[in-house]
Amino acid sequence: MKDEISREERVENLKGMGCSRKRVEDARFTQGKGNYVDDVKLDGMLFGDFVRSPYAHANIKSIDTEAALKVPGVVAVLTAADLEPLGLHWMPTLAGDKQMVLADGKVLYQGQEVAYVVAEDRYAAADGIEAVEVEYEELQVIVDPFESLKSDVILRPDTVDENGKAVDGAHGPRDHPNHIFTWEAGDKDPTEEVIANADVVAEEEMYYHRTHPCPLETCGCVASMDKVNGKLTLWGTFQAPHAIRTIVSLISGIEEHNIRVISPDIGGGFGNKVGAYPGYVCSVVASIVTGKPVKWIEDRMDNLMTTAFARDYWMKGKISATPEGKITGLHCHVTADHGGFDACADPTKFPAGFMNICTGSYDIPTAYLAVDGVYTNKAPGGVSYRCSFRVTEAVYFIERMIEVLAIKLNMDSAELRRINFIKKEQFPYKAALGWEYDSGDYHTAWDKALKAVDYDGLRAEQAQRVEDFKAGKTRKLMGVGLSFFTEIVGAGPVKNCDILGMGMFDSCEIRIHPTGSAIARLGTISQGQGHATTFAQILATEIGLSADSITIEEGDTDTAPYGLGTYGSRSTPVAGAAAAMVGRKIRAKAQMIAAYLLEVHDDDVEFDVDRFVVKGAPERFKTMKEIAFASYNQAIPGLEPGLEAVSYYDPPNMTYPFGAYVCVMDIDVDTGVTEIRRFYALDDCGTRINPMVIEGQIHGGLTEALAVALGQEIAYDDMGNCKTATLMDFFLPTAWEVPNYETDYTVTPSPHHPIGAKGVGESPHVGGVPCFSNAVQDAFRAFGNTHTNMPHDHWRIWKTANELGLHD
Ligand code: MCN
Ligand code: CUM
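- Looking at an unreviewed UniProt entry, the protein chain carries the name Carbon monoxide dehydrogenase large chain, with the source organism given as Octadecabacter temperatus.
- A UniProt comment under Subunit (unreviewed entry) is attached to the protein chain, and it reads "Dimer of heterotrimers. Each heterotrimer consists of a large, a medium and a small subunit."
- Here is the UniProt Catalytic activity (unreviewed entry) comment for the protein chain, exactly as written: "CO + a quinone + H2O = a quinol + CO2".

Given below as structure tokens:
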């Protein structure tokens, strides 16, 4: 048979890996046809809402629900007293801690859930909340983690025994009732010795402030208990639907096969939707109690005040070097403020996530890290916002330490980075704090980035600007922000990564239909990342069927294979690998079918784009469509009919994407206003599946980085009042603030991933925050600045300029 189209056209038709295929999701999203949790509307559905604590720390003397129950439309009111007989007044957190579902005798932060009112509609529920009478007794509030560790005030009743002595926590002994854990990595004594004897040592303390991902869609769920069949269906904004199913089963006693968890479309997750919230538990209980479906949807204030925040890390560092700038040691101590409950979602063995990636992209021979987790009177959480388990904090820390060391050495920080980078030939590289970096080529990326922005030219311009400023010719300073980051994503080998005992593998299952189209299902769940577009591309290339004829489905635990969900940029490294592997299983069977149909030996056919051809006789072939049809409709000796497969993938290692970012910023010293003149981002995420989707991820992550570095903050006053609970006070950047991003790339494949891909979703945030921050700090370097804390809003920048005497 002769080909009607060329090989290039066949490749193009496949829309496989490397192609900027348009997002298949966007047709419904741009037309308002998405299906979000709040679009789930069931007959007789009730609505739940919370009575929340106005105080950050208080005993609860009494809760009177009588008046609320009389409010028209109110059906039920739940308090901890109702949940206690069911053992549901506390629930486990993903970090191994436990958390009150409804206030059990006291409240620990403002906005904490005190009672759950269920009503016929949202308005009646809101009226019901107003009618619940709660008598509080205010207690001393602690919002400072350092004070917390010294205080006589014991925040949690469950952290002490009857004599008031601290009992062990989930990650070892407590030094104090308000202490959660101490986690260490590296070698303490040798590191301290190296630093004590070093020629040059730079020290810095920095606070990575508390912030929040603030997804467009808030968290919510609909619980529907079918008492006739004993089945519970739970729709929700879950980033890890299978994990939620297992947890619901374990804490409710409902058998897992009787629970169906569905994540429909999700309007942004960013880690905010990984954890389990009281709203889920209360909605399930309310549905069981009332026999009706119950919906719970947060409003914006609920979301900002009470759901998983990010960061709140107090980091203290020491870095030592030779006079020439070769780094010899790194010491890091972190005081981690977790709020009232440790509701992080780190793998069990990593209570401070992957903070031990804080040696960054540098060949640092000796290092030590210690992290102390602490309770305070703030909302719980910790792991969210493109964090990949505290990597954002780690990269911020090292990229600031590099700048501080460069100042101490009186050296250019681009050069300091270059002489300390791990070299290409050192990979796989075993870092001092334990990780084995899979691959990297940092020097190539750095040189490309510096050349692209004309780095030397920028520095010359900056020097001139300083001269002009000093001569009174301008009131604007210029900052050149640099950052080079190494990410760690794709948790993760089951042998060292689990959450509450659930191993962190992932999965893909595919069923090819007779006419050569297919449905594939995965254990992950898109929240906007475009999985339906990109996973189909991996499968298209591996199997030889067009991406357009492969439906991707995620998020329904009744149909999708078990997986640990989407966060920590793990989808591509783990589920993406499972997709490639499942494709290879299909191809192996297809090869046998093709050989049979072509009447040759299995080894005599080879795969070519969308078909198997007879080696040396390209005119003799069977397309994958023909093979799919034959698999169902032709009796093939020794083979089962059909063409489907499943793969569970346990990655041998994480993947280590990296990147080089440069930000050029102008700062008006009299107003503190910043203007980003240029932002250049080079990312290396190994093999690129969809360049357009990657670019979208980078634009989004950089914008969130800009937000965090330049203004976004969850702030509290001394009474524990959250001062930033609305979008009037919480900075969410718009097109107005966002610069034009120049994106670039290099490709250094992961050696252990079946298609060489690394994750990318979190990279721009991880690398972006230090880049924006370094730009601000760099502008003031010539005037004596070493470090100022984020967020660099106009007021703080003005203050820095003032303190440096630039207004005199
Ligand atoms: N991709 C690619 N080639 C690569 C790597 C990734 O084309 N070499 C594509 C993937 O196919 C996928 C996207 O880029 O469509 C992101 O992939 P990956 O880096 O594997 O990250 P995940 O899919 O696991 O997404 C999680 C990551 C995280 S942890 C946060 S937080 C975040 C982020 O993604 N949340 C997001 N990006 C987000 N984007 C949107 N729109 N909404 C969120 O909530
Ligand atoms: Cu931790 S933010 Mo993302 O990993 O969902």
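Let us keep going from here.
1. Focus: the site of ligand 2
Here is step 1 of the chain: Neighbouring ligand 2 are Q239, F270, G271, V383, S384, Y385, R386, C387, S388, Y567, G568 and E762.
Here is step 2 of the chain: Interatomic distance of 2.6 Å between a side-chain N/O atom of E762 and an oxygen atom of ligand 2.
Here is step 3 of the chain: For the shell around ligand 2, the class distribution of residues is five nonpolar, five polar and two charged.

2. Observations concerning the packing of helix α18 (residues 691-710) against helix α19 (residues 763-779)
The geometry of a pair of packed helices is captured by two quantities: the angle between their axes and the separation between those axes.
Here is step 1 of the chain: Axis separation between α18 and α19 bottoms out at 8 Å; the angle between their running directions is 45°. As judged from the angle between their axes, α18 and α19 are oblique. For the crossing formed where α18 meets α19, the hand is right-handed. Listed contacts from α19 to Q697, I698, G701, L702, E704, A705, L706, V708, A709 and L710 of α18 are P764, H765, G768, V769, F772, S773 and V776.
Here is step 2 of the chain: Each residue belonging to the contact of α18 with α19 can be placed in one class, and the counts come to eleven nonpolar, five polar and one charged.

3. Points about the UniProt feature "domain: Aldehyde oxidase/xanthine dehydrogenase a/b hammerhead" (unreviewed entry) in the protein chain
Here is step 1 of the chain: Mapped onto this structure's residue numbering, the UniProt feature "domain: Aldehyde oxidase/xanthine dehydrogenase a/b hammerhead" (unreviewed entry) falls at residues 31-140.
Here is step 2 of the chain: Across residues 31-140, helical content stands at 17% and strand content at 36%; the span's end C-alpha atoms are separated by 51 Å.

4. Quick notes on the coordination of the copper atom of ligand 2
Here is step 1 of the chain: Donor atoms from the protein around the copper atom of ligand 2 number only one, C387 (SG), found at 2.1 Å.
Here is step 2 of the chain: Take C387: it is sitting in the loop between β18 (381-382) and α11 (391-409).

5. Some details on the site of ligand 1
Here is step 1 of the chain: Lining the immediate environment of ligand 1, one finds 31 residues, of which G269, H531, T572, Q697 and V760 sit closest.
Here is step 2 of the chain: Note that a nitrogen atom of ligand 1 is positioned 3.2 Å from one of the backbone N or O atoms of G528.
Here is step 3 of the chain: Here H531 contributes a side-chain N or O atom positioned 2.6 Å from an oxygen atom of ligand 1.
Here is step 4 of the chain: In isolation ligand 1 has 830 Å² of accessible area, and contact with the protein removes 96% of it.
Here is step 5 of the chain: For the shell around ligand 1, the secondary-structure elements that each account for two or more residues are α15 (531-543), α16 (571-598) and α18.

6. Details of the environment of E8
Here is step 1 of the chain: With respect to the helices and strands, the residue E8 is situated in helix α1 (residues 7-14).
Here is step 2 of the chain: Residue E8 is classed as exposed on the basis of its relative accessible area, which comes to 57%.
Here is step 3 of the chain: Along the backbone, E8 and T376 are 368 residues apart, and their C-alpha atoms lie at a distance of 61 Å.

7. Let's talk about the sheet that holds strand β28 (residues 611-614)
Here is step 1 of the chain: Pairing in this open sheet of three strands is antiparallel, and the strands run β27-β28-β29 from one edge to the other. On the outer flanks of this sheet lie β27 (605-608) and β29 (617-623), each paired with one strand and no other. Adjacent strand axes in the sheet meet at a mean angle of 35°, parallel and antiparallel pairs treated alike.
Here is step 2 of the chain: Sheet strands touched by α16: β27, β28 and β29. Its angle to β28, the strand with the most contacts, is close to 45°.

8. What about unusual backbone geometry?
Here is step 1 of the chain: Following F427, the chain continues into P428 via a peptide bond in cis, with omega recorded as -5°.
Here is step 2 of the chain: The topology assignment puts P428 in the loop between α12 (413-420) and β19 (429-430).
Here is step 3 of the chain: With an omega dihedral of -10°, the bond running from M790 to P791 counts as a cis peptide bond.
Here is step 4 of the chain: Secondary-structure assignment places P791 in the loop between α19 and α20 (794-803).

9. Looking at the side chain of R521
Here is step 1 of the chain: Relative to the elements of secondary structure, R521 occurs in strand β25 (residues 518-522).
Here is step 2 of the chain: Polar side-chain contacts of R521 include one of 2.8 Å to the side chain of E553.
Here is step 3 of the chain: Those residues in contact with R521, other than ones at most four positions away along the chain, are S507, C508, E509, E553, T559, A560 and P561.

10. Points about the sheet that holds strand β2 (residues 58-64)
In a beta sheet, neighbouring strands pair by backbone hydrogen bonds and run either parallel or antiparallel.
Here is step 1 of the chain: The three strands lie next to each other as β6-β2-β8, forming an open sheet whose pairing is antiparallel. Either end of the sheet is taken by a strand with one partner, and the two such strands are β6 (106-107) and β8 (133-138).
Here is step 2 of the chain: Note that β2 and β8 share six bridges and pair antiparallel. Paired with D64 across the two strands is E133, which belongs to β8.

11. Looking at the environment of T800
Here is step 1 of the chain: Tracing the sequence through the fold places T800 in helix α20.
Here is step 2 of the chain: Remark: the alpha-carbon pair of T800 and N785, spanning 15 residues in sequence, is separated by 8.4 Å.

12. Focus on the packing of aromatic side chains
Here is step 1 of the chain: Throughout the structure, instances matching the rule amount to 38 aromatic pairs.
Here is step 2 of the chain: Here Y661 and F679 contribute two aromatic rings whose centre-to-centre distance is 5.9 Å and whose plane-to-plane angle is 65°, an arrangement assigned as edge-to-face. You can see Y661 sitting in strand β31 (residues 658-668) and its partner F679 sitting in strand β32 (residues 674-684), a full 18 residues away along the chain. Residue Y661 shares its accessibility class with F679, and that shared class is buried.
Here is step 3 of the chain: Taken together, the ring pairs in this structure connect Y362, F421, F427, Y442, W446, F484 and F658 into an aromatic cluster.

13. Points about helix α5 (residues 122-131)
Here is step 1 of the chain: Within the sequence span of α5, burial applies to A124, A125, G128, I129 and A131. The buried residues of α5 occupy an angular sector of 160° when projected down its axis, which confines them to one face. The exposed residues of α5 that point more than 90 degrees off its buried face are Y123 and E130.
Here is step 2 of the chain: Buried positions along α5 lie against β1 (46-52), β2, α3 (66-70), β3 (74-78), β7 (113-119) and β8.
Here is step 3 of the chain: Regarding α5, its N-cap is D121, as a side-chain oxygen of that residue lies 2.9 Å from the backbone nitrogen of Y123 further along.

Cut-offs used in this document
Think of each chain on its own: its residues are numbered from 1, step by step along the sequence as written. Chains carry letters from A onward and ligands carry numbers from 1 onward, assigned in written order. Totals for whole chains, interfaces and linings use every residue, but because this is a predicted model, local features are given only for residues with pLDDT of at least 70 and side-chain atom pairs only at 80 or more, for both listing and counting. Water and hydrogen atoms play no part in the side-chain values, which are based on all heavy atoms of the structure. UniProt positions are given in the numbering used here, feature names are shortened, and annotations may be inferred rather than shown by experiment. One heavy atom suffices: a residue is near a molecule or strand as soon as one of its heavy atoms comes within 4 Å of it. Any pair of N or O atoms that falls within 3.5 Å is considered a polar contact. Within protein, one atom must be able to donate a hydrogen and the other to accept it, and sequence-neighbouring residues count only if both atoms are side-chain atoms. Polarity classes work like this: nonpolar for Ala, Val, Leu, Ile, Met, Phe, Trp, Tyr, Cys and Pro, charged for Asp, Glu, Lys and Arg, and polar for all others, with Gly in that last group. Here an axis means a line fitted to C-alpha atoms, over the contact stretch when the element is a helix, while the angle between two N-to-C directions is reported on a 0 to 180 degree scale. Only runs of H or I of at least four residues qualify as helices and only runs of E of at least two qualify as strands under DSSP, and these elements are numbered from the N terminus. When describing relative orientation, an angle under 35 degrees is termed roughly parallel and one over 145 degrees roughly antiparallel, while 65 to 115 degrees is termed roughly perpendicular and anything else oblique. Crossings are classed by handedness, with left-handed meaning an anticlockwise turn of the near helix from the far one by less than a right angle and right-handed meaning a clockwise turn. The contact rule is simple, with two residues in contact once any of their heavy atoms fall within 4.5 Å. We call an atom a donor if it is N, O or S and sits within 2.8 Å of the metal, or 3.2 Å for Na, K and Ca. Water is not counted, so some sites may look partial. Residue-level accessible areas treat just the shown protein chains as cover; the underlying method is Shrake-Rupley with a 1.4 Å probe. Working definition: with a 1.4 Å probe on protein chains only, accessible area under 20% of the residue-type maximum means buried, over 50% means exposed, and in between means partly exposed. If DSSP finds at least two bridges between two strands, the strands pair. Aromatic rings from Phe, Tyr and Trp, taking only the six-membered ring of Trp, are treated as a pair when their centres fall within 6.5 Å; an angle between ring planes under 30 degrees marks them as stacked, one over 60 as edge-to-face, and anything in between as tilted. Of all possible arcs, the one meant is that of the directions from the helix axis to the C-beta atoms.

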